[in-house]
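# Inside the fold
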Amino acid sequence: MRDIDLFQMALGLTPPWQVSDAKFNLKKKRLDIRIDFPRGSTFTCPGCGQAGMKAHDTQKKSWRHLNSFQHEAYLTARVPRIKCDNCGMWLVDVLWARSGSGFTLLFEAIIMTMAKSMPVKNIAEFINEHDTRLWRLLHHYVDEARDKADHSSVRKVGMDETCSKRGQNYVSLFVDLEGPKVLFATEGKDAFTVKRFKQDLTDHNGEPEAIEEMCSDMSPSFISGVGKYFPNAHLTFDKFHIMKIVNEAVDKVRRQEQKDRPELFRTRYWLKNFKNLKPSQTETLEELTIKKLNLKTSRAYHIKLNFQELFNQPAEDAKAYLKKWYFWATHSRLEPIKEAAYTIKRHWDGVLRWFQSNVNNGTLEGINSLVQAAKARSCGYRTTRNLITMIYLIAGKLKFALSI
Ligand SMILES: [Zn+2]
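Now for a look at the structure at hand. (Residues numbered from 1 in each chain as written. Predicted model: local features only at pLDDT ≥ 70, side-chain atom pairs only at ≥ 80, totals over all residues. Heavy atoms only, no water.)

Our focus in this paragraph is the overall build of the protein. When you go through the protein residue by residue, the secondary structure sums to 15 helices and 12 strands. By the compact-globule yardstick of 22 Å for 404 residues, the protein is too spread out, its C-alpha radius of gyration being 30 Å. Taken along the three principal axes of its C-alpha coordinates, the protein extends 95 × 50 × 35 Å. Out of the 404 residues in the protein, the part that is buried amounts to 48%. In the form shown here, the protein has an accessible surface area of approximately 21,500 Å², with 51% of it arising from carbon and sulfur atoms. Looking at the protein, you have 63 positive and 46 negative side-chain charges, and the mean spots of the two groups are 4 Å apart. (Helix = DSSP H or I, 4+ residues; strand = E, 2+ residues; numbered from the N terminus. Rg over C-alpha atoms; globule rule 2.2 N^0.38 Å. Buried < 20%, exposed > 50% of the residue type's maximum accessible area, 1.4 Å probe, protein only. Areas by Shrake-Rupley, 256 points an atom, 1.4 Å probe, with all protein chains shown as cover. Lys, Arg positive; Asp, Glu negative; His and termini not counted. Charge placed at Lys NZ, Arg CZ, Asp CG, Glu CD.)

Written out as structure tokens, the structure is:
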């Protein structure tokens, strides 16, 4: 068997395409495989599918292929243009590459697989290509897969935001809580992001009227966006974000009080859950909460623990429990705690909705850790678009049309 026959088989070429030449350049560590077709071959029109078209002229093209051992491999071919009566002049499709790509399909498949687990910058170094070429490729496959995605069964949506580039740009995320997967990511964090999500949902066979539950933090733009664009949806405020408001209030009380009570210095662990504390921290906390009940911080802490218990109440008792807590908090004479209670009062229905919607917090947290991974994979990503593409790639559960 000649080496060119071997390459022909390995590449899976079918007539009229055949390997006409293969050259190793040891100095350049490069393998060049030339593909050609015999005179008189005919091709299919990519426009209308008509077969039997003769080559009008040809254009020389080349594609990067999988490395052959340590050698970079390239395919080159004269690609015929055909002149179709219906469609005009067309460059024919080749089997081994997408039209317009400088990589073979196999090479693209490998890059896509690598991109799910390593930073694009590192892939670029590893395969000795500029990363803009890789990003273009990722955009293509992600866009293509998203075009085909069907969102008609989506009923529960979570909203969250993440920031890119030292907090300068925000990206809003819309998550299918039952997927769970990222349905839509878009720049910004205003009410228009909700409008754009509605459009995107419609573009993917989804029905905005069919969305039953939405979950977010208490950001006014999300709240107004949901009211305007998803009037049928019940809004639940994310438990994690509600707890954050109460935790911050406890910390404010502590910071005010530590001016007079030095034992409160460096005790930020008031914010943590009791079970997550180190033994030494538990001891200090017990001392501060049990033996020094006169501390304002200790009172604030108890109010927080009590609030946390809300989420362990049976659904039918939740409202009465929250009312009692609200009374206690607003009569605590602790300004930050009162402020937090007023905030909760203003968002009353969405706080209690959790008992009906059963929005699972772990879902959003799980997606969030994938988004953090996406940030790492696209480090030095330069554009928000690159970050968004990486989020879809890692957290979008998209089906890519890759030939392996
Ligand atoms: Zn045609």
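Having seen it, we continue.
Within the protein, Cys45 (SG), Cys48 (SG), Cys84 (SG) and Cys87 (SG) serve as the donor atoms for the zinc ion, at 2.2 to 2.3 Å. Between the 4 donor atoms coordinating the zinc ion, the angles at the centre fall across 107 to 113 degrees, so the site counts as tetrahedral. The motif formed by the donor residues of the zinc ion, counted along the single chain, is C-x2-C-x35-C-x2-C. (Donors = N, O, S within 2.8 Å, 3.2 Å for Na, K, Ca; no water. Tetrahedral: all angles 85-135°; square planar, octahedral: opposite > 155°, others 65-115°.)

Bringing unusual backbone geometry into the picture now. The omega torsion of the bond from proline 15 to proline 16 falls at 5 degrees, within 30 degrees of zero and hence cis. Mapping proline 16 onto the fold places it in the loop between α1 (3-11) and β1 (18-25). At arginine 333, a position not held by glycine, the phi torsion is positive, near 60 degrees. Owing to a relative accessible area of 68%, arginine 333 belongs among the exposed residues under this scheme. At asparagine 358, a position not held by glycine, the phi torsion is positive, near 50 degrees. As for its placement among the helices and strands, asparagine 358 is situated in the loop between α13 (354-357) and α14 (361-377).

Turning our eyes to something else, we now look at the nonpolar core. Looking at soluble globular proteins, one finds that nonpolar side chains tend to be buried together. Formed by 86 residues in total, the largest nonpolar core has its most connected members in Met214, Phe230 and Phe307. Counting residues in hydrophobic clusters, the runner-up holds 24 residues, among them Ile35, Ala73, Leu75 and Ala77. (Core = buried A, V, L, I, M, F, W, Y, C linked by side-chain atoms within 4.5 Å.)

Let's shift gears to the environment of histidine 56. Its place among the elements puts histidine 56 in the loop between β4 (53-54) and β5 (57-68). Taking relative accessible area as the criterion, histidine 56 reaches 45% and is therefore assigned partly exposed. With 131 residues separating them in the primary sequence, histidine 56 and glutamate 187 have C-alpha atoms 46 Å apart. With sequence-adjacent residues up to four places away left out, histidine 56 is seen in contact with Arg81, Ile82, Lys83 and Met89. (Contact = heavy atoms within 4.5 Å.)

Along the chain, the position of aspartate 93 falls in the loop between β7 (88-91) and α2 (105-115). Separated by 48 residues in sequence, aspartate 93 and cysteine 45 have C-alpha atoms that sit 8.4 Å apart. Residue contacts for aspartate 93: discarding those within four places in its chain leaves Pro46 and Ser99.

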